[in-house]
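Chain and residue survey
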Amino acid sequence: MAQTRRVKVFDTTLRDGEQTPGVGLTKEKKLEIAHALQDLGLDAIEAGFPINSDIELETVRQIAKELDITVCGLARALPGDIDACIKADVDMIHVFISTSPQHLKYQMNKTEDEVYEMAVSSVQYVVDHGITCMFSPMDATRTGLDYLLRVCKGVEAAGASIINIPDTVGVMYPEKMRKLVADVRKEIKIDLDVHCHNDFGMAVANTLAAVEGGCDQVQVTVNGLGERAGNADLEQVVMALKMLYGIETGIKTEKIYPMSKLVERLTGIRIMPNFPIVGDNAFAHESGIHVHAVLKRAETFEPIKPEMVGAKRKLVLGKHIGIHGIDAKLKEMGIAVDGEQLREITNKVKDLGGKGKKVVEEDLVAIAQDVAGMVPQKERRVQMVNFKLASELGKKPCATVVLKVDGKVKEATEEGVGPVDAALKAIKSAIGLEDILLEEYRLDAITGGSDALAEVTITVRKGGDSTLARGVHEDVVMASVTAFLNGLNRILK
Ligand code: KIV
Ligand code: ZN
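To start, this report covers the structure provided alongside it.

1. Digging into the site of ligand 1
The immediate surroundings of ligand 1 are formed by Arg15, Asp16, His94, Phe96, Ser136, Met138, Asn164, Pro166, Thr168, His195 and His197. Here an oxygen atom of ligand 1 and a side-chain polar atom of Asp16 are 3.0 Å apart. Within the side chain of Thr168, a nitrogen or oxygen atom sits 2.7 Å from an oxygen atom of ligand 1. Taken by itself ligand 1 offers 260 Å² of open surface, and the protein chains cover 95% of this. At the level of elements, strand S4 (92-98), strand S5 (132-138) and strand S6 (162-167) are the ones that each hand at least two residues to the shell around ligand 1. Taken together, the residues of the shell around ligand 1 sort by class into three nonpolar, six polar and two charged.

Now the structure itself:
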């Protein structure tokens, strides 16, 4: 029986990913991500660039100490950089030096022979210290093949264990990438790795093409983070290898969605809703035809089962929803209506969506109540007992909330950057659940004037589950508090 091909996955979220403009991770955050990456089933991670600073060196050292998988540090082809990696006690050192004519002339001001010598002697230096070496000819995809092969053969002879082919400025397309890797593969015996940037949106496709060309390992980042337009996205590469190529990676795919959310939260970089695999809309359906079919048989409009990546299917209320979607949504909420009422409720939801309104579950309950009379509502698990807000010029606002959670009284006081922040933080503290996240917050004024009705729409997340909730009040803080409590009651149901 033919064996399933296995490709290794090397994650560089903590190095190239951290080079995303605007991202800087503390030691604690890097450690949290590193452990999650290990739990995801990765073969190796690049933990950072130790020469960058003392704190970076210390962080990489701590990650290498705590993790059982291969932890790699990045180094230029310079003894000082390599020494910093040695001090960080990493399992692997990733040495890089530019090889393209553009980089040699304008960035390094060095000849091909000088760069060759630096590459070979650096690899030799790492190997002499008994440490595994991965070598990258930076900007490999703009380097002439003859010189690229000369450098690759030199570092192979010097004892490198892996050669990475970086598409540093993301200028490849799949056919070209496949050929380049195949050309290198013919001449090089050690493992080949690929590192693609996404400047033309080709990073994932080029990474897959490199695998077709004979790569043994792929470099990726969570949420495609990285320099400029980012790197090849871990979620997409792993799932495409598995589902489209039948290639295994050892990644525990059900942990992919929580991993993506963790990195979103700790880096502060939100992904687009239509991002593949892990975006909010990746498993969301609104159109009547799709919802009807998916409810009958998921594979009609879902190429991947959401549970496979730790996500959940979402039926979205809006102008495209059909009767089957509303029926499923009402059943999910424990609301029973007859056929005629269901039709009327569906029309009203579609009307509301058609007016450009974001339709949330409270709207559905209100419409159902209107059409079918009182509908049984589940007991609210979280109820507000009291709320106090102190705000003084020059001081941070401070909110105190008293809640009843499952009948038990809970109280918390928190400060915030503003009164809304303080109030929502206090509610979160009183609930005491770490994994409750307030993902989106939108404030609209329904009427004009300083006594305008404020409408707050928020998304509350708990693990793989999220819900949209709304609060309306003349006071922005109370509208926010109501929206948050509505969201909590739904997500904790
Ligand atoms: O994009 C690149 O070339 C890199 C190297 C350090 C491998 O990130
Ligand atoms: Zn890179």
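2. Description of the coordination of the zinc ion (ligand 2)
Four donors placed tetrahedrally around a metal ideally meet at 109.5 degrees, and six donors placed octahedrally ideally meet at 90 or 180 degrees. Ligation of the zinc ion (ligand 2) by protein atoms is provided by Asp16 (OD), His195 (NE2) and His197 (NE2), these donors lying 2.0 to 2.1 Å from the ion. Mapping the donors of the zinc ion (ligand 2) onto the primary sequence gives the spacing D-x178-H-x1-H. Residue Asp16 is located in the loop between strand S1 (8-11) and helix H1 (27-40), and its partner His195 is located in strand S7 (residues 191-196); the two are separated by 179 residues in the primary sequence. Here Asp16 and His195 have matching classes, each one buried.

3. What about the pattern of salt bridges?
In total, this model carries 36 salt bridges according to the counting rule given. Close ionic contact of Arg142 with Asp139 constitutes a salt bridge, the shortest N to O distance being 2.9 Å. Using a relative accessible area of 29% as the deciding quantity, one classes Arg142 as partly exposed. In this structure, the salt-bridge partner of Arg270 is Glu264, at a minimum N-O distance of 3.5 Å. Residue class for Arg270 comes out partly exposed when judged on its relative accessible area of 41%. Taken together, the salt bridges that share partners define one network made up of Arg15, Asp16 and Glu46.

4. Quick word on the pairing of S6
Taken across its six residues, S6 has six buried, putting it largely inside the fold. Across the two faces of S6 the burial is the same, with Ile162, Asn164 and Pro166 and Ile163, Ile165 and Asp167 all buried. Across two bridges, S5 lies against S6 in parallel orientation. Note on S6: the bridge partner recorded for Met134 is Ile162. Regarding topology, helix H6 (residues 145-157) serves as the crossover connection from S5 to the parallel S6, and that connection is right-handed. Note that S6 and S7 share six bridges and pair parallel. When the sheet's bridge partners are listed, Pro166 is paired in S7 with His195. What joins S6 to S7 is helix H7 (residues 174-187), and the crossover it makes is right-handed.

5. With respect to helix H5 (residues 112-128)
Its 17 residues give H5 an end-to-end C-alpha distance of 24 Å, which sits within 8% of 24 Å, the value for a rise of 1.5 Å per residue. Of all the residues in H5, the buried ones are Val115, Tyr116, Met118, Ala119, Val120, Ser122, Val123 and Val126. The secondary structure elements touched by the buried residues of H5 are helix H3 (79-87), S4, helix H4 (101-108), S5 and H6. Backbone geometry just downstream of H5 places Gly130 in the positive-phi region, at approximately 75°.

Conventions and cut-offs
Residues numbered from 1 in each chain as written. Chains lettered and ligands numbered in written order. Predicted model: local features only at pLDDT ≥ 70, side-chain atom pairs only at ≥ 80, totals over all residues. Heavy atoms only, no water. Near = heavy atom within 4 Å. Polar contact = N/O pair within 3.5 Å; in protein donor to acceptor, adjacent residues only side chain to side chain. Areas by Shrake-Rupley, 256 points an atom, 1.4 Å probe, with all protein chains shown as cover. Helix = DSSP H or I, 4+ residues; strand = E, 2+ residues; numbered from the N terminus. Nonpolar A, V, L, I, M, F, W, Y, C, P; charged D, E, K, R; others polar. Donors = N, O, S within 2.8 Å, 3.2 Å for Na, K, Ca; no water. Buried < 20%, exposed > 50% of the residue type's maximum accessible area, 1.4 Å probe, protein only. Salt bridge = Lys/Arg side-chain N within 4 Å of Asp/Glu carboxyl O. Pairing = 2+ DSSP bridges. Right-handed = clockwise from strand over helix to strand, strands pointing away. Expected span 1.5 Å × (residues − 1). Contact = heavy atoms within 4.5 Å.

Bear in mind that shape data such as this cannot, by itself, settle questions of function.
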